Amino acid sequence: MDDEIIMYFIEKTNDTNYFKQFDYLLFISIIILSIIGLVVLSSATRAISGGSGKMKTQIVSVILGIIIAIIISAFDYNSFKAIGFVFYIFCIGLLIYVLLRGVGYEEVGSNSWIIIPLAGILDVSFQPSELARVALVILLSDFLERIKEGQDIKKNIIKFIIYSIIPVGLIIMQPDFGMAMVYIVAIFIMVYICGVRYKHIFITGGVFLATVPFIWFFALNDRRKKRILEFIFPGSDPGNSSYQVDMAEIAIGSGRLYGSGLYKGIQTQTPPNIGGVPVRESDMIFTVIGEEFGFIGSVLVIALIVFIILRCIHIARNARDHYGSFLVTGLTAMLAYQFIQNIGMCMRLLPVTGLPLPFVSAGGSAMLVNYMSIGIILSVSLRRKRTMFSRQQ
């Protein structure tokens, strides 16, 4: 059996020159962003409890993530179809388990984590909704490829809808509306890229809009409602739901052009309980960049993020087949939305949702899954239509 697996892997990769076709630009860009994240996180955690532990976790996660990305990129992405359904079912099981035994902070967020004891000496927290987003994209990409190629269109559309609704519904029940939006945005973009008729997109959008009143009255707690109202009507709840974003706005504004310098930010070095920016190691980490590196540093980080997104779009456009294109589109959409949402909420341009900044914010689960996503994207890039610099035949 092992010999068959090895031969299958060799057969799938024998036409690929790994070192020649590897997308070094994307991979190095991600590593640079991760290094920036480690530097920024070292500053963000200096004045908070358990900061050294968060740094150790982040460093280990980055190292493991790089290894995972390289390993995944070596496999032909079409091989993922074989495990897509099983992977999806496994993740759905984890999401159900979270509803029963999950932990978190209900007063500020959701119960989205599972505690895994290791050898009885160490407890590791894990967020299944992070892993489930990769499983969903792998499965939905398979359905979209079949739809694009005209295979049992109605049957695959129904499957697509059902398999999309299940994880989104389970995540809303946690409740984690920020992560649910990551899924919804990616699903819509994948459907749009597939070329589905606009009327079907509008109908689907209408269905989601129809659920808004239900979500508002029955799913959102008072804290989330106040956050949304504070975003729409600034100043409606001063000192309470607006406190986090108020502190973030002050921190970014005080950075001015060049910033106050690493470890020298006033708002980002003051402990949260006495006036500092809350949750600056995760949700509000861009405030550390804004205050300590200033406008110039912030623009450079955003420019790097834009380059990463554009590079992924380029890979999606030049994928060998529809499946590869949908894979990259879905994974890129999820990363791009998190980038935009996190930076936007720190600058008071978007409502606070609690989404981390990919490759920068603290969080082992998110870091590993983000690198897993990059590994899949690199796999598609390795097997694109033709090498980036190959001559025209």
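Residues numbered from 1 in each chain as written. Predicted model: local features only at pLDDT ≥ 70, side-chain atom pairs only at ≥ 80, totals over all residues. Heavy atoms only, no water.

Examining the overall build of the protein
To keep things clear, this is the line we draw: For the purposes of this entry, the term helix denotes a DSSP run of H or I that reaches at least four residues, the term strand denotes a run of E that reaches at least two, and both are numbered from the N terminus. Under the scheme applied here, a residue whose accessible area is under 20% of the maximum for its type counts as buried, over 50% as exposed, and between as partly exposed, the area being computed with a 1.4 Å probe on protein chains only. In what follows, a contact means two residues having at least one pair of non-hydrogen atoms within 4.5 Å. Methods summary: accessible areas were calculated by the Shrake-Rupley approach with a probe of 1.4 Å, and residue burial reflects only the protein chains presented.
Across its full length, the protein carries 16 helices and 2 strands. When each of the 393 residues of the protein is scored for burial, the buried share is 50%. Sequence-distant contacts in the protein: of pairs separated by 6 or more residues, those separated by 24 or more amount to 72%. Surface exposure of the protein reaches about 19,600 Å², of which carbon and sulfur atoms provide 68%.

Considering the environment of Ser61
Basically, it comes down to this: Any N or O atom pair separated by 3.5 Å or less is treated as a polar contact, with the protein-specific requirement of one donor-capable and one acceptor-capable atom, and with residues adjacent in sequence counted only for side-chain atom pairs.
Relative to the helices and strands, Ser61 is located in helix H4 (residues 51-74). In this structure the C-alpha to C-alpha distance between Ser61 and Leu368, which are 307 residues apart in sequence, comes to 6.1 Å. Those residues in contact with Ser61 that sit more than four places away from it in its chain are Gly364, Met367 and Leu368. Polar contacts involving the side chain of Ser61 include one to the main-chain carbonyl oxygen of Thr57, which spans 2.7 Å.

Quick look at empty space enclosed by the protein
Short version of the rule: Buriedness for pockets is judged along seven lines, at least five of which must meet protein on both sides within 12 Å for an open set on the 1 Å grid over protein atoms alone, while cavities are sets there where a 1.4 Å probe fits but cannot get out, and lining residues have an atom within 4 Å of a point. Grid points are joined across faces, edges and corners, and a volume is the space filled by probe spheres set on the points. In this classification, Asp, Glu, Lys and Arg are treated as charged, Ala, Val, Leu, Ile, Met, Phe, Trp, Tyr, Cys and Pro as nonpolar, and every other residue, Gly included, as polar.
Throughout the structure, instances matching the rule amount to 3 cavities of 30 Å³ or more. Considering only enclosed or pocket space, the largest cavity measures out at about 100 Å³ in volume. Lining the largest cavity are 11 residues, and of these Arg227, Glu230, Phe231, Val245 and Val352 sit closest to its centre. Split by residue class, the lining of the largest cavity holds 6 nonpolar, 2 polar and 3 charged. One number sums up the size of the second largest cavity: a volume of about 50 Å³. Here the lining of the second largest cavity takes 3 residues from helix H16 (residues 364-382), the largest share from any one element. Per-class residue counts for the lining of the second largest cavity are 7 nonpolar, 4 polar and no charged.

Concerning the packing of aromatic side chains
Each aromatic ring pair is described using two quantities: the centre-to-centre distance and the angle formed by the ring planes. Filter applied, for reference: Pairs were defined over the aromatic rings of Phe, Tyr and Trp, the Trp ring being its six-membered one, requiring ring centres within 6.5 Å. Orientation was assigned from the angle between planes: stacked under 30 degrees, edge-to-face over 60, tilted for the rest.
Going through the model one piece at a time under the given rule, you end up with 7 aromatic pairs. Aromatic side chains Tyr77 and Tyr323 sit 6.2 Å apart centroid to centroid with 20 degrees between the ring planes, which places their arrangement in the stacked category. Taken together, the residues span a long stretch of sequence, with Tyr77 in the loop between H4 and helix H5 (81-101) and Tyr323 in helix H15 (residues 322-346) at a distance of 246 residues. Pair check on accessibility: Tyr77 and Tyr323 agree, each one buried. Judged by centre distance (5.4 Å) and plane angle (20 degrees), the rings of Phe143 and Tyr163 are stacked. Separated by 20 residues along the polypeptide, Phe143 in helix H6 (residues 128-148) and Tyr163 in helix H7 (residues 153-172) bring together distant segments of the chain. For Phe143, a relative accessible area of 5% gives the class buried.

Some details on the packing of H6 against helix H8 (residues 177-194)
Operational definition: For helices, the fitted axis covers only the stretch in contact; all axes are lines through C-alpha atoms, and the angles between them, taken along N-to-C directions, range from 0 to 180 degrees. Note on angle classes: values under 35 degrees are labelled roughly parallel, values over 145 roughly antiparallel, values of 65 to 115 roughly perpendicular, and the remainder oblique. What makes a crossing left-handed is the near helix being turned counterclockwise from the far one by less than a right angle; a clockwise turn instead makes it right-handed.
Running from N to C, H6 and H8 point in directions that differ by 15 degrees, and their axes come no closer than 11 Å. One finds that H6 runs roughly parallel with respect to H8. In terms of crossing hand, the pair formed by H6 and H8 is right-handed. In contact with Ser129, Glu130, Ala132, Arg133, Leu136, Val137, Leu140, Ser141, Leu144, Ile147 and Lys148 of H6, H8 contributes Met179, Tyr183, Ile187, Met190, Ile193 and Cys194. Counted by class, the contact of H6 with H8 contains 12 nonpolar, 2 polar and 3 charged residues.

A look at H8
The criterion, for reference: The span you would expect from a helix comes to 1.5 Å times its residue count less one.
The end-to-end C-alpha distance of H8 is 26 Å, a good match for the 26 Å that 18 residues give at a rise of 1.5 Å each. With respect to burial, H8 is a largely interior element, 13 of its 18 residues being buried. Looking one or two residues beyond H8, the residue adopting positive phi is Gly195, at roughly 90 degrees.

Section: unusual backbone geometry
Residue Pro175 is reached from Gln174 by a cis peptide bond, and omega for that bond is -5 degrees. Relative to the assigned elements, Pro175 resides in the loop between H7 and H8. Positive phi outside glycine occurs at Asp152, with the angle close to 45 degrees. On the secondary structure map, Asp152 appears in the loop between H6 and H7. The exposure class of Asp152 is exposed, given its relative accessible area of 51%.

Looking at the nonpolar core
Across soluble globular proteins, nonpolar side chains have a tendency to be buried as a group. For clarity, the threshold we go by: To form a nonpolar core, buried Ala, Val, Leu, Ile, Met, Phe, Trp, Tyr and Cys residues must be joined to one another through side-chain atoms within 4.5 Å.
Within the largest apolar cluster, 102 residues are counted, with the highest numbers of intra-cluster contacts made by Leu33 and Phe359. Of the residues forming this core, the biggest block, 14 residues, is contributed by H15. Residues in contact with Phe359, not counting those within four places in the same chain, are Ile30, Leu33, Ser34, Gly37, Leu335, Phe339, Met367, Asn370, Tyr371 and Ile374.

Looking at the pattern of salt bridges
As a reminder of what qualifies: Salt-bridge detection follows one rule: a side-chain nitrogen of Lys or Arg within 4 Å of a carboxyl oxygen of Asp or Glu.
In total, this model carries 9 salt bridges according to the counting rule given. For Asp76, the salt bridge goes to Arg320, with nearest N and O atoms at 3.3 Å. Note that Asp76 is positioned in the loop between H4 and H5 and Arg320 in the loop between helix H14 (286-317) and H15, a separation of 244 residues in sequence. You can call Asp76 buried: its relative accessible area is 4%. Its relative accessible area of 39% is what places Arg320 among the partly exposed residues. Residues Asp142 and Arg146 are paired through a salt bridge, measuring 3.0 Å at the closest nitrogen-oxygen approach. Here Asp142 and its partner Arg146 are both found in helix H6, 4 residues apart, which amounts to about one turn of the helix.

Fair warning: the whole summary comes from geometry, so function is off the table for now.
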